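One letter stands for each residue in the lines below.
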Amino acid sequence: QVQLVESGGGLVQAGGSLRLSCAASRRTISSAMGWFRQSPTKEREFVAAINWSGTNTYYADSVKGRFTISSDNAKNTVYLQMNSLKPEDTAVYYCAGATYRLRYSQNPADFDSWGQGTQVTVSA
């Protein structure tokens, strides 16, 4: 298991920005990391993912152009910069990792390590 700890959530007005961080106890070589979110009325949904080297990033259509995922392997940390936030971005955001070689996935079932989640609330 990989221990993941998210931070950086909070309350922000629409149009504002937040930066989420996910500190991992270790990174599995050649394994992607991802961010997912879940609100009370929706199932857990894909937000963004990044491959091991950081050269490829993937985004849900709903956040493309507003969110940026990045990583610092030296710090075992993945970030999610969220700009132009909207009320519909309100959710608990989860960091996800894998203990095996996972090139990329949008399916939460492919990730076997999860953080505890951090709440993001965007007010209108």
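Residues numbered from 1 in each chain as written. Predicted model: local features only at pLDDT ≥ 70, side-chain atom pairs only at ≥ 80, totals over all residues. Heavy atoms only, no water.

Caption draft 1: Geometry of the pairing of strand β4 (residues 33-38). The element β4 is extensively covered by neighbouring structure, given that five of its six residues are classed as buried. By the bridge criterion, five bridges tie β4 to strand β5 (residues 45-50) in an arrangement that is antiparallel. The residue bridging Phe 36 from the neighbouring strand is Phe 46, located in β5. Adjacent in sequence and paired antiparallel, β4 and β5 are bridged by six residues. As paired strands, β4 and strand β9 (residues 91-97) are joined by five bridges and run antiparallel to one another. Within β9, the residue paired with Gly 34 across the bridge is Ala 96. (Buried < 20%, exposed > 50% of the residue type's maximum accessible area, 1.4 Å probe, protein only. Helix = DSSP H or I, 4+ residues; strand = E, 2+ residues; numbered from the N terminus. Pairing = 2+ DSSP bridges.)

Caption draft 2: Seen up close, the pattern of salt bridges. Scanning the entire structure with this criterion turns up four salt bridges. The salt bridge partner of Asp 89 is Arg 37, with a shortest N-O separation of 2.9 Å. In this pair, Asp 89 is assigned in the loop between β8 (77-82) and β9 and Arg 37 in strand β4, connecting sequence segments 52 residues apart. Close ionic contact of Lys 64 with Asp 61 constitutes a salt bridge, the shortest N to O distance being 3.2 Å. Taken together, the salt bridges that share partners define one network made up of Arg 37, Glu 45, Arg 66 and Asp 89. (Salt bridge = Lys/Arg side-chain N within 4 Å of Asp/Glu carboxyl O.)

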